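Below are the chains, spelled out letter by letter.
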2 protein chains.
Amino acid sequence: MTSTEPPAESAPLRPTRQRRAVSEALAACDDFRSAQEIHELLGRRGDPVGLATVYRTLQRLADAGEVDMLRTEDGEAVYRRCSGSHHHHLVCRSCGATVEVEGPAVERWTRAIADRHGFADVSHTLEIFGTCPTCAES
Amino acid sequence: MTSTEPPAESAPLRPTRQRRAVSEALAACDDFRSAQEIHELLGRRGDPVGLATVYRTLQRLADAGEVDMLRTEDGEAVYRRCSGSHHHHLVCRSCGATVEVEGPAVERWTRAIADRHGFADVSHTLEIFGTCPTCAES
DNA sequence: ACACCTGGTGAGAATGATTTTCAAGTCGGG
DNA sequence: CCCGACTTGAAAATCATTCTCACCAGGTGT
Ligand SMILES: [Mn+2]
Ligand SMILES: [Mn+2]
Ligand SMILES: [Zn+2]
Ligand SMILES: [Zn+2]
């Protein structure tokens, strides 16, 4: 090859039973779920998908921006189908209930801070954890 | 025991060579380091400390608020000696260079959001990742 | 200095999440 | 159909972090 490279052709992505299954499982729940949970859930409902495939699919969906991924306080990655626009989450530490929140001011602030220090290719993580009103009444 | 409990006596914490070593190693570098890195570093300079001990010590320091802990984008926990007041970080994804940043407005905002949704016992994580000016000039 | 109790250590095994392997299965265009 | 490119998934491999547990050391009372 000399220079015949199509600008990073993003493979069309085939529609398979597995990918559909993961997407649907995700669409079905409202809060963050780990790859393991999705895998087990699918298995239980007789639509088994290999664990490796669940991980692969979840990651692609995340890269494609179709789902949000965040790490719980103990480092486990969890995914959730979310609205398209950029936002963050208020998550209940005990039941996982999630509220999407937006903060234009915060976005501006992080960008400003990064600029001020000459950092490029910036990204940020911002999550709020707490105990939801339901779980509060012990 | 009936009610003779001194409000959770926090054990005095013994000053051992190991604990000192970890603290010093941490004091010596300016950016975030993982437990593994600290462990290897100490080993290389002939002041070996068991990996398990490094993990234990780092966690205690973090609990005691003496060091900050955050998770890199791929989920690894890294520690750094920091100033006492609450703040966040602007971290270089490639070299680890760190800048401490404060944002009173952000703190207020997260508290307000949590209140609005009735969440209690709230905490938050906020980190900014990017490529520092030095690493930028590839 | 001495015995003793308790916290601290660390080598190695155990966990657990995520990744890699790679042989076998599936898709879709020609 | 037919082939090559994309997918799968069971099992093995990675890797960070935790646990076990026999052994060691700091602090305390004598
Ligand atoms: Mn944001
Ligand atoms: Mn803060
Ligand atoms: Zn809850
Ligand atoms: Zn850098």
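Not measured: the values here are computed from a predicted model.

Undergrad: For this particular structure, what's the right way to read the side chain of Thr110(B)?
TA: Within the secondary structure layout, Thr110(B) lies in helix α4 (residues 104-116). Note on Thr110(B): relative accessible area 3%, which makes it buried. A polar contact is formed between the side chain of Thr110(B) and the backbone oxygen of Glu107(B), at a distance of 2.9 Å. If sequence neighbours within four positions are ignored, Thr110(B) has contacts with Ile128(A) and His124(B).

Undergrad: What is the right way to look at the protein's contact with DNA strand C in this model?
TA: Every one of the 20 residues lining DNA strand C counts as a neighbour, but Tyr55(A), Gln59(A), Thr16(B), Arg19(B) and Arg56(B) are closest to it. Taking the atoms of DNA strand C that fall within 4 Å of the protein, sugar and phosphate contribute 71% of them. Gly50(B) is positioned such that a nitrogen or oxygen atom in its backbone is 3.0 Å from a phosphate oxygen of DNA strand C. Here a phosphate oxygen of DNA strand C and a side-chain polar atom of Arg60(B) are 3.5 Å apart. Those elements giving two or more residues to the surface near DNA strand C turn out to be α3 (51-63) of chain A together with α1 (17-28) and α3 (51-63) of chain B. By residue number, the principal contributor to the surface near DNA strand C is α3(A), which donates 5 residues. Classifying every residue of the surface near DNA strand C by side-chain character gives 6 nonpolar, 6 polar and 8 charged.

Undergrad: For this particular structure, what's the right way to read the relation of the copies chain B and chain A?
TA: The two chain copies are connected by a rotation around an axis plus a translation along it. Aligned on chain A, chain B shows an RMSD of 0.2 Å; the corresponding rotation is 179 degrees and the shift along the axis is 0.0 Å. Those values place the two copies in the arrangement expected of a two-fold rotation axis. No C-alpha of chain B approaches the rotation axis more nearly than that of Leu126(B), which lies at 2.2 Å. The fraction of interface residues of chain B whose copies in chain A are also interface residues reaches 97%, indicating that both copies meet through the same surface.

Undergrad: Where do I start with the protein's contact with DNA strand D in this structure?
TA: Surveying the vicinity of DNA strand D reveals 20 residues, the closest of which are Thr16(A), Arg19(A), Arg56(A), Tyr55(B) and Gln59(B). Backbone atoms, meaning sugar and phosphate, make up 66% of the atoms of DNA strand D lying within 4 Å of the protein. A distance of 2.7 Å separates a phosphate oxygen of DNA strand D from a polar side-chain atom of Tyr55(B). Of all the elements in the fold, those that place two or more residues in the surface near DNA strand D are α1 (17-28) and α3 of chain A together with α3 of chain B. The class makeup of the residues in the surface near DNA strand D is 8 nonpolar, 6 polar and 6 charged.

Undergrad: Would you explain the interface of chain B and chain A in this entry?
TA: How big an interface is tends to be stated in terms of accessible area lost as the parts join. Listed by partner, the interface residues are 35 residues for chain B and 34 residues for chain A. Carbon and sulfur atoms make up 66% of the area that chain B and chain A hide from each other, which totals about 2900 Å². Where chain B touches chain A, the interface holds 2 salt bridges. With a closest N to O distance of 3.2 Å, Asp121(A) and Arg93(B) form a salt bridge. Run the count over chain B and chain A and you get 12 residue pairs in polar contact (both at pLDDT 80 or more). Listed by contribution, the elements that provide at least two residues to the side of chain B that touches chain A are β4 (88-92), β5 (98-101), α4 and β6 (120-131) of chain B.

Rules behind the numbers
- Residues numbered from 1 in each chain as written.
- Chains lettered and ligands numbered in written order.
- Predicted model: local features only at pLDDT ≥ 70, side-chain atom pairs only at ≥ 80, totals over all residues.
- Heavy atoms only, no water.
- Helix = DSSP H or I, 4+ residues; strand = E, 2+ residues; numbered from the N terminus.
- Buried < 20%, exposed > 50% of the residue type's maximum accessible area, 1.4 Å probe, protein only.
- Polar contact = N/O pair within 3.5 Å; in protein donor to acceptor, adjacent residues only side chain to side chain.
- Contact = heavy atoms within 4.5 Å.
- Near = heavy atom within 4 Å.
- Nonpolar A, V, L, I, M, F, W, Y, C, P; charged D, E, K, R; others polar.
- Least-squares fit on C-alpha atoms with pLDDT ≥ 70 in both.
- Buried area = accessible area lost by both parts, 1.4 Å probe.
- Salt bridge = Lys/Arg side-chain N within 4 Å of Asp/Glu carboxyl O.

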